[in-house]
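# Analysis of the macromolecular model
Letter by letter, the chains look like this.
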Amino acid sequence: MPSNSSPVAESPETTGPPLVEPAETTVSTSSTNGSTKVHAALTRSSTGSADLRELESGLDSLQSDAVRKVRVDWSRILLPIAAVVVLIIIWQFYVSLGLKRRDQVPGPMDVLEQFGALWAEGSLQEAVWTSLQRGLLGFLISVAIATPVGLLLAQVAPLRRAFGPLISGLQVLPSVAWVPAAIIWFGLTDATVYFVVFMGAIPSIINGLISGVDQIPPQYRSVGTVLGASRLQMAVQIILPAALPGYLSGLKQGWAFSWRSLMAAEIIAVGGTIGFGLGSMLNQGRDLADMTIVMSAILLILAVGILIELLVFAPIEKRLLQRRGLLAGSTR
Amino acid sequence: MPVVLENLGKRFGEGAPVLDDVNATIGRGEFVALLGASGCGKSTLLNIMAGLELPTSGALEVPSDGAAFMFQDSALFPWLTARENVELALKLRGVGKAERRVKAAELLELVHLAEAADRRPHELSGGMRQRVALARSLAQDRQLLLMDEPFAALDAITRDLLHDELERIWKETGRTIVFVTHNVREAVRLGQRVLLLSSRPGRVVQEWEVTEEHRTDAGLAGQLTGVITARLREEIRRHAK
C-alpha cells in the first residue's frame, strides 16, 4: 500500500508551513474530491515520502542547535595568572613590613634566588624527576589494579557488600599511617614508597569507579539487555563508558592521593636506596633550617600538582564532558 | 502467530496484581496499539514481552530470538554518535565491522538522518533522537518491535510527523509492532487494532479494528476516537471513590 494517499490541510495543531496538498499528488479516496479536510492529527499529516523528508529536515534544522564556534577564551589563562601575581605582591608586601625575621619568612626574591641555586647544582631537576617518575609509575600501576577490581565490585553484589565498607574505610585512613609498617617490611627502599602510594591511590580509584557505576541511569542496562549484550560486553561496552565521568573523578583523586602519599613517604623515609625526591628536599630544608629550601620544595610540589591537573586531567575531562553535552552552563 | 498471551498475570511481591488474566494474540506484520490509562501495567506488559521481566502466572509465546525495544526517552548512549549508537546494536548482534558501517548508514537513511550520523545525542532534537532510537531498534533485526510510549515526550508537530514516519517504516520493513500509548488519538492514528487495557488490575477489556478508511477520513477516525475515549473514561471512573 502506498503511503502517499492522503490529501491534507493544515491542522489546528500544526503551526508549521501549511500542508496544502499539491495538485499533482491528488489521490482519490472515497470522500475527497480535491477538497481539503482537517486531519486533526488523526490521519496522515504529510503527502508522501518526499514531503515527509522535507518536513522532517525543516523541523530538524529548526530544533537542533547551530554549531557554535569555539575560540580561545583569554580570561581562562589571564585570570589565574593575575591571581598568582596578586598573591606574590601580598607576600612581598608582608615581608617588607618586617614583622618577622627574614630567615623565618623569606620574601619571593629570596626563594627565587634559592631556586636558581638549586637549579644550578642540579638537585632541583633531580628531585622533581625522581618524584614525578615515582608518582606517575605508582599511579599507573594503581589504575591497572584498581580498575578491574572496581568493576568487579560494582557488578557483583555480594563482593560489593563484603568489601565495600573496607575500601571506603581505607580511603579515610591517611596513607602516611602505612609508612612505619612499610619501612619495617621493605626497609628504606623504593618498595616502601610504592607501597604507600598504592595504599593511597587504589582505594580512591576503586571508590570513584564504583560511584560512577552507581550513577548510571538504570535504563542503559535495560537497553544493553534488550540489545543482547553478554555480561562481559555489558561491562566493557556499556557500564565502563557510562561510568567514565565518575571514573575520571576517581582517577583525579587517585592521582592526588598518590602524590600526597609519595611526599609523605619521602619526608619520613630518607636514606637507604631511596633516591632524592621533592619530599627529601623538604626534609633537607628542615634539617638545614633553611626556609628558602622548604618554600622552594613546597612550591615545586604544588606546581607539579597544578601542571598535571592542567595538562593531563583538565583537557581529558573537558573533552569527555563536552562530548556528552554536560558542560553547558558550567563556570569552567 | 508471533505473540500469544494466555491468562498472563503479574504481581510485584505481595501487592495487588498489576496484570491479571491478560489474553491477546498478535499476528505477524500486525500493528497493535495497546491503550490504557496510567498505572494499567502497559509498560509492565511490554517489559514481559521483551523478556525484561517475568510473568507471575499464565503463559506467553514470543519469537525465540526476542524482540526489539524502543523506550519512552530515546535511551541513546551519550558517549556515542548517532551512527555509533546504531552500530553498537549491530555489533552486539555479531555483525562484522565493514557490514556494520554499511547497515548503519542504510538505517539512518531510512529514518532520514543520514546527515546527522556523526552528531552526538545532545546535539540532536528530541524527535531526531527518537528516530535514531528507532533506527537502533531496527538494527536489532527482530520481527517483533515493542514500543513503550516512544513519542510521549515530543511536541505535537514532531509527533504528527513521526506517526507518518513510523507508518512508512512499518510498511517498508513488515515488522510486527506493539505500540503502548495512553493517547487515544495516537492509538487510532497508528494501530490496525486498538486493545484497551483496564487499570488495576490490567486486563484487555475491549478491542477495535482500525481500517484504512480511518486513516484517510478524519470524520470516521474522530468518531472511533470518541467511542474509545468514552470506554476508557468509563474504565477510569470505576476507580472513583
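All of these numbers come straight from a predicted model, not from anything done at the bench. (Residues numbered from 1 in each chain as written. Chains lettered and ligands numbered in written order. Predicted model: local features only at pLDDT ≥ 70, side-chain atom pairs only at ≥ 80, totals over all residues.)

### A few points about the overall build of chain B
Tallying secondary structure elements over chain B gives eight helices and nine strands in all. Computed over the C-alpha atoms, the radius of gyration of chain B is 18 Å, within 12% of the 18 Å expected from 2.2 N^0.38 for a compact globule of 241 residues. Based on the C-alpha atoms only, the size of chain B along its principal axes is roughly 55 × 45 × 30 Å. Every one of the 241 residues in chain B was classed for burial, and the buried ones make up 51%. (Helix = DSSP H or I, 4+ residues; strand = E, 2+ residues; numbered from the N terminus. Rg over C-alpha atoms; globule rule 2.2 N^0.38 Å. Buried ≥ 20, exposed ≤ 12 C-beta atoms within 10 Å, placed from the backbone.)

### Focus on the sheet that holds strand 5 (residues 68–70) of chain B
All names here are of chain B. If you walk across this open sheet you meet the six strands as 5-6-7-3-8-9, and the pairing is mixed. A strand with exactly one partner marks an edge of an open sheet, and here the two such strands are strand 5 and strand 9 (204–209). Each strand axis lies, on average, 20° off the axis of its neighbour in the sheet, ignoring direction. Strand direction decides the pairing type here: strand 3 (residues 31–36) and strand 8 (residues 193–197), joined by five bridges, are parallel. If you follow V32 over to strand 8, its bridge partner there is R193. (Pairing = 2+ DSSP bridges. Axes fitted to C-alpha atoms, helices over the stretch in contact; angles between N-to-C directions.)

### Description of the packing of helix 10 (residues 244–268) of chain A against helix 12 (residues 291–323) of chain A
All names here are of chain A. Across the interface, helix 10 lies against helix 12 with an axial gap of 11 Å and an inter-helix angle of 170°. Judged by the inter-axis angle, helix 10 sits roughly antiparallel to helix 12. Contacts between helix 10 and helix 12 pair L244, P245, L248, K252, W255, W259 and M263 from the former with I301, G305, I308, F313, I316, E317, L320 and L321 from the latter. When its residues are assigned to classes, the contact of helix 10 with helix 12 shows 12 nonpolar, one polar and two charged. (Parallel < 35°, antiparallel > 145°, perpendicular 65-115°, else oblique. Contact = placed C-beta atoms within 7 Å. Nonpolar A, V, L, I, M, F, W, Y, C, P; charged D, E, K, R; others polar.)

### Thoughts on the sheet that holds strand 4 (residues 57–61) of chain B
Residues and elements named next belong to chain B. On the basis of which strands lie adjacent, the open sheet formed by three strands has the order 2-1-4 and antiparallel pairing. The sheet terminates laterally at strand 2 (19–26) and strand 4, the two strands that pair on one side only. The sheet shows a mean angle of 15° between the axes of neighbouring strands, direction not considered. As paired strands, strand 1 (residues 3–10) and strand 2 are joined by five bridges and run antiparallel to one another. Bridge pairing links V3 to I26 in strand 2.

### A word on unusual backbone geometry
All names here are of chain B. Positive phi, normally seen in glycine, also occurs at D21, with a value near 55°. Along the chain, the position of D21 falls in strand 2. A positive phi angle is found at A75, which is not glycine, with a value near 55°. Mapped onto the elements, A75 comes out in the loop between strand 5 and helix 2 (82–92). Judged by the 19 C-beta atoms lying within 10 Å of it, A75 is partly exposed.

### Topic: the domain arrangement of chain B
Residue and element names in this part refer to chain B. Examined at the domain level, chain B breaks down into domain 1 (1–67 + 143–241) and domain 2 (76–141). One C-alpha centre belongs to domain 1, the other to domain 2; they are set 26 Å apart. With 10 residues of domain 1 at the contact, the number on the domain 2 side is seven residues. Tallying contributions element by element places helix 5 (residues 156–173) first for the side of domain 1 that touches domain 2, with five residues. Counted by class, the side of domain 1 that touches domain 2 contains seven nonpolar, two polar and one charged residues. (Domains from an automatic or database assignment.)

### A short note on the confidence of the model for chain B
The predicted model of chain B has a mean per-residue pLDDT of 84, with 99% of residues at 70 or higher. In the predicted complex, the global pTM is 0.74; the interface-specific ipTM is 0.81. (pLDDT = per-residue confidence, 0-100.)

### Things to note about the pairing of strand 6 (residues 144–148) of chain B
Residue and element names in this part refer to chain B. In terms of residue burial, strand 6 counts as a mostly covered element, since five of its five residues are buried. Burial of strand 6 is two-sided: the residues L144, L146 and D148 facing one way and the residues L145 and M147 facing the other way are all buried. Read as a crossover between parallel neighbours, the route from strand 6 over helix 5 to strand 7 (residues 176–181) is right-handed. (Right-handed = clockwise from strand over helix to strand, strands pointing away.)

### Quick notes on the packing of helix 4 (residues 123–155) of chain A against helix 11 (residues 278–287) of chain A
Residue and element names in this part refer to chain A. Interaxial distance between helix 4 and helix 11 falls to 7 Å at its minimum, and their mutual angle equals 135°. In terms of axis orientation, helix 4 runs oblique to helix 11. Contact with helix 4, carried on its side by S123, A127, V128 and S131, involves L278, G279, S280 and M281 of helix 11 and no other residues of that element. For the contact of helix 4 with helix 11, the class distribution of residues is four nonpolar, four polar and no charged.

### Description of the pairing of strand 7 of chain B
All names here are of chain B. For strand 7, a buried count of six out of six residues is recorded, marking the element as mostly surrounded by other parts of the structure. Going residue by residue along strand 7, you find T176, V178 and V180 tucked away on one face and I177, F179 and T181 tucked away on the opposite face as well. Looking at chain direction, strand 3 and strand 7 are connected through five bridges and run parallel. Within strand 7, the position partnered with V32 by the bridge is V178.

### Re the environment of I268 of chain A
By the secondary structure assignment, I268 of chain A is in helix 10. Sequence separation of I268 of chain A and Q233 of chain A is 35 residues, and the distance between their C-alpha atoms is 45 Å.

### What to know about the environment of G13 of chain B
Residue and element names in this part refer to chain B. Secondary-structure assignment places G13 in the loop between strand 1 and strand 2. Classification of G13 as exposed rests on a count of 4 C-beta atoms within 10 Å. Put simply, G13 and T56 are 43 residues apart on the chain and 9.9 Å apart in space, counted from C-alpha to C-alpha.

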